[in-house]
Amino acid sequence: MNDPNTSPFIDVLIAGAGPTGTTLAIDLMRRGVNVRIIDKAPHSFEGSRAKGIQPRTLEVFDDLGTIDEVLAGSSDYPRLGIHLGPVAAPWRMFRNRDRTADVPYPNTRLIPQYRTDSVLHDRLEQLGGRVEYGRELVEFVQDSTSVTTTVTGDGGTEKITARYLVGAEGGSSAVRSQLGLSFLGTTDEQDRMLIVDAVTTGLSRDRWHIWPGVKGRFAGACPLPHSDLFQWMVRLAPDEDPPEGAETITRRIQAQTHNRNIQVHDIRWRSVFRPNIRLAEAYRRGRVFLAGDAAHVHTPAGAQGLNTGIQDSYNLGWKLGQVLAGADAQLLESYEAERLPIAAGVLGLSTQKYEGIAKLDPSSLRRGKDEQQLSLTYYGGPLAPTNCDRTTTLQVGDRAPDAELLDTNGASVHLFDAFRGPHFTVIAYGRDATVASEELDWPTAGAPLRRVVVDADAGEDFRHIYGIKGDTLLLIRPDGYIGHIATRNFLASIQTAARAMAPVVQQETAR
Ligand SMILES: Cc1cc2nc3c(=O)[nH]c(=O)nc-3n(C[C@H](O)[C@H](O)[C@H](O)COP(=O)(O)OP(=O)(O)OC[C@H]3O[C@@H](n4cnc5c(N)ncnc54)[C@H](O)[C@@H]3O)c2cc1C
């Protein structure tokens, strides 16, 4: 092995280029942060693993510039076909909803993880970034100003020093282990699931087929969109050797389904996994953070793991960008405070669904509001105090919904178009709020501010969705959550809120 090379100092090193790490790299790149992203694998992940993208994540993809590719590469969820003897009972997992003025992406989309990963990697490259494959983070030391990491790979060992390190390297995170953080929860060693992506004949592609089995040992076959593949999930008996090879897997499936027509041919990816239910005791130590599966692992039921990881990164990205630009480092404390309770809730939800699927409990086969992640809120967290003003429909910390309005120039504005990008948005409704929004100084360093002034006579849709009854000023964070609501004392209160999230305004740099 070569002598360690010391590389130039960077802002952020991300270990792991799965959906979590790549989302963070995209968000940081578009903020102009000097970032590197490494992955120990030789190439991007090839399996279908996480295949449900929730409405809230679709909104994140809209902001990050990947929504068209994700929609084109995905499909609606097929109905379940539950095979009970010779009949297959249809079951609708989701009630397909029409888009509404406040929710442009109302339905969960089905897309294999290899395609989601590839869309994200393409976006990163468009922004000038690149995943460095075959590079493994092995250790690090940190002090009060930086983290020095040791990265190994084909090219030898490299020392990379960064202001921050983010461990997004999945459930067996080396960063988490080196921080000595417990991964609290359980792994049932007896409970294993065979997962296979394979070309399959003898099965219709218009259903996600489920065959219940004794003691909850179901088998499932989900058709993967825009491919000739199914994702098979077969829950194994405790003493069962996981079958390998197309023939053995076909025999195992035929034994469970009692259907000799089903044939598995071409296996593209195969894995045996144990559902872990675990949560890291903390998401941060000093300059080192955890995100995604490195911080929390779930059962696959409810399609939450990848979505939660992407939203971790979406929460962390703008905060790192702001602190690197000079905002108070206290802002970074809010990452764990906002995201850890969400993961704890998601773990409970996916565990409940998983246990229910085994028992074929109908409510566990139905997906609804909780899984869509649209109603997640940071209300009551460090950036969303409970004594803040509220509207009749929204509190600080809630997701800022989409709405169409006319601004005072007579231009039609969709709020999600106004939010798209790395900036904050201030929305002013009414004369006093408008004056305050104009007087609000915003720093030139860090995320910029976009101002939207609503035409009070033509904002009915906005008023209804945002629950506006009189003059109101809202500050929307770069991740699309409400950072502040003022219905009085507009300027002073928004300045106080902004101080926690943005660098100090220097007089000479003030607007
Ligand atoms: C069968 C199954 C079905 C699932 N279905 C869903 C679903 O429908 N919806 C959903 O949201 N979630 C689902 N999940 C969960 C989802 O797959 C994970 O939550 C998701 O992959 C986590 O993404 P991540 O980026 O955090 O980690 P990963 O995808 O695990 O990526 C981590 C990356 O880090 C790299 N790495 C590891 N160690 C190092 C190191 N030391 N240095 C550098 N690189 C390293 C790895 O090579 C890997 O590329 C499912 C999981 C399973 C098993």
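Residues numbered from 1 in each chain as written. Predicted model: local features only at pLDDT ≥ 70, side-chain atom pairs only at ≥ 80, totals over all residues. Heavy atoms only, no water.

Describing the domain arrangement of the chain
Along its sequence, the chain is carved into domain 1 (10-44 + 111-183 + 277-372), domain 2 (75-110 + 189-274) and domain 3 (404-499). Measuring from the centre of the C-alpha atoms in domain 1 to the corresponding centre in domain 2 gives 28 Å. (Domains from an automatic or database assignment.)

A word on the site of the ligand
As a matter of local geometry, the ligand sits amid 29 residues, with D39, R49, I195, D293 and L306 nearest to it. Here an oxygen atom of the ligand and a backbone polar atom of Q304 are 3.5 Å apart. Take G305: an N or O atom from its main chain is 3.1 Å from an oxygen atom of the ligand. Relative to its free-state accessible area of 1,000 Å², the ligand is covered by the protein chains to the extent of 90%. Among the elements of the structure, α1 (19-29), β10 (135-142) and α7 (305-324) are those that each provide at least two residues to the shell around the ligand. (Near = heavy atom within 4 Å. Polar contact = N/O pair within 3.5 Å; in protein donor to acceptor, adjacent residues only side chain to side chain. Areas by Shrake-Rupley, 256 points an atom, 1.4 Å probe, with all protein chains shown as cover. Helix = DSSP H or I, 4+ residues; strand = E, 2+ residues; numbered from the N terminus.)

Details of the environment of L290
The topology assignment puts L290 in strand β21 (residues 288-290). Along the backbone, L290 and L473 are 183 residues apart, and their C-alpha atoms lie at a distance of 34 Å. In contact with L290, other than residues within four places in its own chain, are G167, S173, V175, R176, L181, A280, A282, Y283, A295 and Y335. (Contact = heavy atoms within 4.5 Å.)

Things to note about the nonpolar core
Counting 86 residues, the largest nonpolar core has V12, L13, I14, L137, L320 and L473 as the members making the most contacts within it. Formed jointly, this core draws a minimum of three residues from each of two domains, domain 1 (10-44 + 111-183 + 277-372) and domain 3 (404-499). Beyond its immediate chain neighbours, meaning those up to four positions away, V12 contacts L28, V33, N34, V35, R36, A162, Y164, V166, L320 and L324. Counting 21 residues, the second largest nonpolar core, distinct from the first, contains V454, Y466, I468 and I485. (Core = buried A, V, L, I, M, F, W, Y, C linked by side-chain atoms within 4.5 Å. Buried < 20%, exposed > 50% of the residue type's maximum accessible area, 1.4 Å probe, protein only.)

Describing the pattern of salt bridges
Opposite charge on two side chains allows them to pair when their charged atoms are near. As enumerated under the stated definition, the model contains 23 salt bridges in all. Across the pair R109 and D76 runs a salt bridge, and its minimum N-O distance is 2.7 Å. Taken as a pair, R109 in strand β8 (residues 109-110) and D76 in strand β5 (residues 75-76) lie far apart in primary sequence, 33 residues in all. With relative accessibility at 37%, the residue D76 sits in the partly exposed group. For the salt bridge of D479 with R477, the shortest nitrogen-to-oxygen distance reads 2.8 Å. Per residue, the accessibility class of D479 equals that of R477, and both read buried. (Salt bridge = Lys/Arg side-chain N within 4 Å of Asp/Glu carboxyl O.)

Description of the pairing of strand β27 (residues 472-476)
Counting buried positions along β27 gives five out of five residues, so the element sits mostly inside the fold. By the alternation rule, side chains of β27 split into T472, L474 and I476 and L473 and L475, which are all buried. Both strand β25 (residues 424-429) and β27 contribute to a ladder of five bridges, which runs antiparallel. By the bridge assignment, A428 is partnered in β27 with L473. As judged from the four bridges shared by β27 and strand β28 (residues 482-486), these two strands associate in the antiparallel manner. (Pairing = 2+ DSSP bridges.)

So, a negative patch on the surface
On the surface, a cluster of negative charge is made up of D68, E69, D122 and E125. Going through the elements one at a time, α3 (67-72) and α4 (113-126) are the ones with two or more residues in the negative patch. Relative to the helices and strands, D68 resides in helix α3. Taking the relative accessible area as the measure of exposure, D68 reaches 58% and is therefore exposed. (Patch = residues over 30% accessible without salt bridge, like charges linked within 9 Å, V, L, I, M, F, W, Y side chains within 5 Å. Lys, Arg positive; Asp, Glu negative; His and termini not counted. Charge placed at Lys NZ, Arg CZ, Asp CG, Glu CD.)

Examining unusual backbone geometry
For residues besides glycine, phi is generally negative; the peptide bonds are generally trans as well. The phi dihedral of H226 falls on the positive side, at around 55°, and the residue is not glycine. Following the sequence through the fold, H226 ends up in the loop between β16 (219-223) and β17 (229-236). Assessed through its relative accessible area of 57%, H226 is described here as exposed. You will see that H258, though not glycine, has its phi angle at about 55°, which is positive. By the element assignment, H258 lies in the loop between α6 (246-257) and β18 (263-273).

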